Amino acid sequence: MLTLLLDQPLLAALAALVSLGLAFGALLGFAAVRFRTEGNPIIDQINEVLPQTQCGQCGYPGCRPYAEAIANNDEAINKCPPGGEAGIHALADLLDMEAIPLDEEHGEENVVAIAYIREAECIGCTKCIQACPVDAILGAAKQMHTVIASECTGCDLCVEPCPVDCIDMIPQEESLQTWHWQLPDPVSREIEIIASDTDRDRAA
Amino acid sequence: MRRIFDFHGGIHPPENKRQSLTGNIQHAGIPGILVIPLSQHVGAPSEPLVAAGDRVLGGQCIAAPKGLVSVPQHAPTSGRVVAIEERAIAHPSGFLAPCVVIEPDGDDEWVELQEAQDYRSEATTLLLDRIRNAGIAGMGGAGFPCAVKLAPEKAIETLIINGTECEPYITADDILMRERAAEIVSGALILQHILSPAETLIGVEDNKPDSIAALTAAAEGSGLEIVTFPTKYPSGGEKQLIEILTGKQVPSGGLPADVGIVCQNVGTAVAVHDAIVSGRPLVSRVTTVTGEAAARPGNFEVLLGTPMDYLLELAGYDASSNRRLIMGGPMMGFTVPDASVPVVKTTNCLLVPTEAELPTPPPAQACIRCGMCAEACPASLLPQQLFWFAQGKELEKLESHNLFDCIECGACSFVCPSNIPLVQYYRASKADIRQQRSDQAKSDHSRERFEARQARLEREEQEKAQKRAARKKAAEQRAAAAAENGQEEDPIQAAIERAKAKKAAQASAAGTESPQDKLEKAVISTRKRLEKAQTKLAEAEAAGADHIEALKTGVEKTRSKLATAEKALADFLAESAPATEPESADPAQAAIDRARKAREAEAAQSPQERARIQLEKLQQRLQKSEQRLNAALAGGEEDKIVEALSASVDRLKEKVADAESATMATEEG
């Protein structure tokens with residue numbers, strides 16, 4: 001066998017290439033099975049960027065379906081009002097697209113609001129509980145319901161099903177805890193920072 | 001001689017310190033009102049322990065800490081709590097915050113203070129508790145709870161007492177070191193006892209020779225080392241001072257404790273001394289009042305909660321020449337929205353400059369990339385690069401360029417030839433990044449909850465499907481078993497039997513109550529409910545409540561329920577009555593009764609129902625007649641009879657058609 005291969009260099013080269021091909025083919029085939037990615041990873045990445053309010057303002061029943069539509073059906077990235085401009089920019093960065101302005105048709109970027117149930121008026125119908133996508137409403141049939149404010153995403157979905165209209169969306173106003181400095185207005189001369197002790201002549 | 005290191009960058013702004021160093025510390029006295037904000041520190045606001053109207057004594061705890069990173073607040077003097085309400089505080093936002101408002105009575109009566117004879121014999125945890133209970137937050141300006149810093153996870157090599165005070169104008173620490181050097185040394189020794197570091201250093205810039213002399217004298221024989229180093233702004237920054245004294249750099253995003261160092265301000269050391277040695281909580285501090293709009297600038301020992309305008313008055317404040325009131329120094333301070341806001345634990349200086357002294361900066365020009373800011377930056381950042389990213393809101397790049405290592409010292413803005421307010425960009429960008437992080441955390445949390453809910457709904461659906469499948473299987477098995485036994489089981493019959501068995505089981509479970517008793521009970525309970533509802537309605541109407549409508553509908557519903565219950569009882573009695581009567585005695589009478597009852601029943605029916613019943617009856621008759629006709633035809637009856645039968649069938653057909661149209665009309669009507 002060896003002598004035959006040594007005598008026939010063409011055959012030897014062929015055999016070497018074929019065996020290499022088979023070996024790497026087997027390796028790749030194994031890797032393809034062993035390390036198969038479940039689903040489309042880009043969908044997860046898009047879903048990460050979306051604000052997860054599950055509000056359905058984009059026209060899809062939740063954030064993940066919208067992410068799937070963006071990934072698979074070339075859906076526009078400007079249909080998410082809760083994500084706002086920042087969300088569109090993040091999506092544009094992720095997908096390497098141009099950032100486009102928010103599609104007004106699907107709503108405006110509002111201040112985040114939290115649902116509030118006027119408890120005296122609640123009749124305990126559980127309709128809002130069924131509508132809440134994140135289980136943020138607590139209550140039972142014929143018992144008063146209430147919203148767990150820290151879990152509410154402000155998606156609005158509980159307002160419509162309420163038969164007695166006892167749910168308000170209360171915008172979260174800026175407080176001492178949420179206040180922060182704003183970028184300086186380049187036009188205004190009212191500048192907060194006072195690092196301007198520039199009277200060098202008077203140096204002590 | 002200890003080796004002194006240097007940090008990158010830094011600037012030499014005019015110091016302007018001597019204006020406020022002409023005299024000693026003056027006592028500001030007790031103002032007419034004290035406003036104690038519940039949040040004077042970094043961390044969670046404390047919770048009030050007193051109510052409006054309470055009398056409080058000096059040193060009494062009036063607000064308890066909430067959580068670990070929080071400090072309590074104490075009444076600075078005796079008096080009455082006037083209110084606990086939202087008041088303006090010294091914050092750049094100008095927002096209101098909850099405060100305890102105390103009206104001092106002037107007696108300055110104090111609670112009994114617990115003095116420590118010898119703190120060295122006491123447990124460290126006890127000392128830490130006492131420091132925490134004394135409400136001590138970092139006095140240098142940041143206000144981080146002192147006790148939290150004193151309980152590091154790692155062993156501490158070096159304790160640094162910060163007497164640098166590098167920011168222009170401020171002299172509160174300087175005067176403290178001159179006048180209370182002994183207390184600083186005592187406080188430092190207490191901190192040393194708690195942390196047991198290898199060495200304790202007191203760092204002072206060389207522009208404070210009097211302080212250095214006083215401290216050296218006080219620290220003699222104590223083992224504390226006074227280290228002096230050249231003046232440069234911002235050498236008083238914690239990380240910068242650590243680098244100057246030890247040559248170590250605190251890692252990015254880390255704490256000094258990570259490199260075995262704890263840093264405390266000299267003011268904090270005095271507060272610790274007061275808390276441990278004399279048991280006095282933190283109720284006052286030394287504050288510098290300076291600037292050209294103050295005729296008598298100086299340092300004041302001022303009760304926390306003293307309105308700033310009271311303090312300014314003592315310093316001969318001229319509001320007309322002052323452009324803005326600044327809390328802190330000219331580099332890192334901020335404009336206070338209103339002069340009535342209180343002095344808090346972090347108020348080291350009130351700066352009241354005139355327009356000539358601290359002019360409004362000229363409008364910002366474009367960045368010329370001169371790089372002076374990068375040379376000045378004490379954190380070795382690239383300020384101009386950060387500025388570009390901040391303008392473009394490129395938050396990720398800002399983070400990767402270590403924006404969070406910026407100490408907001410203002411050195412870059414100070415040297416900027418284009419007068420760009422760089423620090424303001426960094427502050428805003430830091431806030432944006434924090435906002436983005438918290439939004440991301442919230443959205444991750446929402447997604448988890450949403451996915452958990454979806455999983456739960458799916459699971460419930462599956463369980464239902466499984467149950468259905470199990471029932472179907474059981475039914476099939478029963479059918480198969482029946483087929484095996486040779487009897488064809490009718491599924492409908494089986495269902496009826498099951499239902500019957502269920503009913504029987506329920507009836508036996510319900511006890512031996514006769515149906516009549518049950519109905520009577522139902523009537524009585526419904527009547528009671530109706531009465532109750534009516535009284536409630538009357539009450540509501542009397543009180544003019546807004547749910548009258550709901551109550552009214554409730555009453556109506558109960559009334560109709562009562563009516564049906566009464567009718568059911570009456571029906572039952574009527575049904576059971578004939579059974580007891582001797583019905584068979586008079587069949588004619590019985591037939592009449594039956595007819596009358598039928599008539600009555602008919603009268604109770606609606607026109608639609610009546611029309612439909614009529615139609616059905618007619619159809620039945622028509623069917624019968626047709627059958628008879630067919631039979632006659634088949635049987636070969638006489639022509640006459642066939643004719644008569646067919647005529648009657650035709651008549652009936654007409655009648656049916658009429659009745660049909662009548663039914664339709666009534667139903668439509």
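The written sequence of each chain sets the order in which its residues are numbered from 1. Lettering of chains starts at A and numbering of ligands starts at 1, both following the order in which they are written. Note on the predicted model: pLDDT of at least 70 is required for a residue's local features to be given, and 80 or more for side-chain atom pairs to be given and counted; whole-chain, interface and lining totals, by contrast, use all residues.

(A) Region of the structure containing the overall build of chain B. Helix numbering and strand numbering both begin at the N terminus, where a helix is a DSSP run of H or I of at least 4 residues and a strand a DSSP run of E of at least 2. The helix and strand inventory of chain B stands at 19 helices and 17 strands. By the compact-globule yardstick of 26 Å for 669 residues, chain B is too spread out, its C-alpha radius of gyration being 46 Å. For chain B, the proportion of its 669 residues judged to be buried stands at 37%. Within chain B, contacts between residues separated by at least 24 positions form 71% of all contacts whose residues are at least 6 apart in sequence. With the radius of gyration taken over C-alpha atoms, the globule rule is written as 2.2 Å times the number of residues to the power 0.38. For every residue, the other C-beta atoms within 10 Å of its own C-beta are counted; 20 or more classify it as buried, 12 or fewer as exposed, and values in between as partly exposed. C-beta atoms are placed from the backbone. What counts as a contact here is a pair of residues whose C-beta atoms, placed from the backbone, lie within 7 Å.

(B) Looking closely at the sheet that holds strand β9 (residues 158–162) of chain B. All names here are of chain B. Whether two strands pair comes down to DSSP finding at least two bridges between them. The strand order β11-β10-β9-β12 describes an open sheet built from four strands, whose pairing is parallel. The two strands at the open ends of the sheet, each matched to only one other strand, are β11 (225–229) and β12 (261–265). Each adjacent strand pair in this sheet contributes to an overall mean axis angle of 25°, direction not counted. Direction of pairing for strand β10 (residues 199–205) relative to β11: parallel, over a ladder of five bridges. By the bridge assignment, Gly-203 is partnered in β11 with Val-227. Helix α7 (residues 266–278) rests against β9 and β12 of the sheet, and its axis sits at about 85° to β12. In this description, a line fitted to the C-alpha atoms serves as the axis of each element, helices being fitted only across the stretch in contact, and the angle between N-to-C directions of two axes falls anywhere from 0 to 180 degrees.

(C) Molecular detail of the pairing of strand β5 (residues 61–64) of chain B. Residues and elements named next belong to chain B. Across two bridges, the pairing between strand β3 (residues 47–48) and β5 is antiparallel. Looking at β5, one finds that Glu-47 is bridged to Ala-64. In this structure, β5 lies alongside strand β6 (residues 73–74), joined through two bridges in antiparallel fashion. Residue Cys-61 lies in a different strand from β6, and its bridge partner there is His-74.

(D) Representation of the domain arrangement of chain A within the structure. Residue and element names in this part refer to chain A. Residue ranges for the domains originate in an automatic or database domain assignment. Its domain assignment divides chain A into domain 1 (41–106) and domain 2 (113–171). The distance between the C-alpha centroids of domain 1 and domain 2 comes to 26 Å. If you look at the interface, domain 1 gives six residues, while domain 2 gives seven residues. The class makeup of the residues in the side of domain 1 that touches domain 2 is one nonpolar, five polar and no charged. Any residue outside Ala, Val, Leu, Ile, Met, Phe, Trp, Tyr, Cys, Pro, Asp, Glu, Lys and Arg is labelled polar, Gly included; the first ten of those are nonpolar and the last four are charged.

(E) Here's a closer look at the nonpolar core. Residues and elements named next belong to chain B. What we call a nonpolar core is a set of buried Ala, Val, Leu, Ile, Met, Phe, Trp, Tyr and Cys residues whose membership is set by joining through C-beta atoms within 7 Å. Counting 98 residues, the largest nonpolar core has Ile-136, Ile-184, Leu-215, Val-272, Leu-311 and Leu-350 as its most contacted members. Residues in contact with Ile-184, not counting those within four places in the same chain, are Ile-161, Leu-176, Met-177, Leu-215, Val-266, Ala-269 and Val-270. With 30 residues, the next largest nonpolar core counts Leu-386, Cys-406, Leu-422 and Tyr-426 among its residues.

(F) Structural view of unusual backbone geometry. In the segment running from B:Tyr233 into B:Pro234, the intervening peptide bond is cis, with an omega of 0°. As for its position among the elements, B:Pro234 is in the loop between β11 and α6 (238–246). Of note in this structure, A:Asp74 is not a glycine but carries a positive phi near 55°. Mapped onto the elements of the fold, A:Asp74 is located in the loop between α4 (63–73) and α5 (84–95). With 8 C-beta atoms packed within 10 Å, A:Asp74 lands in the exposed category.

(G) Structural view of the pairing of strand β7 (residues 79–88) of chain B. All names here are of chain B. Relative to β7, strand β4 (residues 55–56) runs antiparallel, the two being bridged by two bridges. Residue pairing across strands places Arg-55 opposite Arg-80, the latter belonging to β7. Of the pairings in the sheet, the one linking β7 to strand β8 (residues 96–104) comprises nine bridges and is antiparallel in character. Across the sheet, the residue bridging to Ala-83 is Val-101, located in β8.

(H) Representation of the sheet that holds β3(B) in the model. Here we have three strands laid out as an open sheet, ordered β3-β5-β6 (chain B), and antiparallel in their pairing. Strands at the two margins of the open sheet, each flanked by one partner only, are β3 and β6 of chain B.

(I) Seen up close, the interface of chain B and chain A. Each partner contributes residues to the interface: chain B has 41 residues there, and chain A has 32 residues. Of all the elements in the fold, those that place two or more residues in the side of chain B that touches chain A are β16 (334–335), α12 (411–415) and α13 (422–484) of chain B. Residue contributions to the side of chain B that touches chain A peak at twelve residues, all from α13(B). Class assignment of the residues belonging to the side of chain B that touches chain A gives a composition of 22 nonpolar, eleven polar and eight charged.

(J) Structural detail: the environment of A:Pro9. Residue and element names in this part refer to chain A. Here Pro-9 lies in helix α2 (residues 9–34). Assessed through the 9 C-beta atoms surrounding it within 10 Å, Pro-9 is described here as exposed. Spatially, the C-alpha atoms of Pro-9 and Ser-175 are 83 Å apart, while their sequence positions differ by 166 residues.

(K) Structural context of the environment of B:Leu303. Residues and elements named next belong to chain B. Structurally, Leu-303 can be placed in strand β14 (residues 298–303). Under the C-beta neighbour-count criterion, Leu-303 is labelled buried, with 27 such atoms within 10 Å. Ignoring sequence-local partners within four residues, the contact set of Leu-303 consists of Ala-28, Ile-30, Leu-34, Pro-76, Thr-77, Val-283 and Ser-284.

(L) Layout of the confidence of the model for chain A. On average, chain A scores 84 in pLDDT, and the residues at 70 or more come to 91%. Each residue carries a pLDDT score, the predictor's own confidence in it, on a scale running from 0 to 100. This model gives residues 196–204 of chain A a pLDDT under 50, and the stretch forms 19 contacts once residues within four places in sequence are excluded.

(M) Here's a closer look at the environment of B:Ile242. All names here are of chain B. In this fold, Ile-242 is placed in helix α6. Distance from Ile-242 to Leu-159, taken between C-alpha atoms, is 9.8 Å for residues 83 residues apart in sequence. Dropping the residues within four chain positions of it, Ile-242 is found in contact with Ile-160, Lys-248, Val-250, Pro-256, Ile-261 and Cys-263.

(N) The confidence of the model for chain B, seen in detail. Taken as a whole, chain B shows an average pLDDT of 86; of its residues, 93% reach a score of 70 or greater. Counting contacts from residues 579–584 of chain B, a segment whose pLDDT is below 50, to residues more than four positions away or on other chains yields two contacts.

(O) Local environment of helix α5 (residues 209–218) of chain B. Residues and elements named next belong to chain B. Residues Ser-211, Ile-212, Ala-214, Leu-215 and Ala-218 constitute the buried set of α5. Around the axis of α5, the buried residues are gathered within 165° of arc, so they sit on the same side. Projecting away from the buried face of α5 at angles above 90 degrees are the exposed residues Pro-209 and Ala-217. Where the residues of α5 are buried, they touch α3 (172–179), α4 (181–195), β10 and β11. When we speak of the arc, we mean the arc of directions from the helix axis to the C-beta atoms.

(P) View of the packing of α4(B) against α7(B). Residues and elements named next belong to chain B. Between α4 and α7, whose axes approach to 7 Å, the crossing angle comes to 75°. Between α4 and α7, the angle is such that the two are roughly perpendicular. Residues Glu-183, Ile-184, Ser-186, Gly-187, Ala-188, Ile-190 and Leu-191 of α4 form the contact with α7, whose own contacting residues are Val-266, Ala-269, Val-270, Val-272, His-273, Ile-276 and Val-277. Split into classes, the residues belonging to the contact of α4 with α7 amount to ten nonpolar, three polar and one charged. Roughly parallel refers to an angle under 35 degrees, roughly antiparallel to one over 145, roughly perpendicular to one between 65 and 115, and oblique to any angle outside these ranges.

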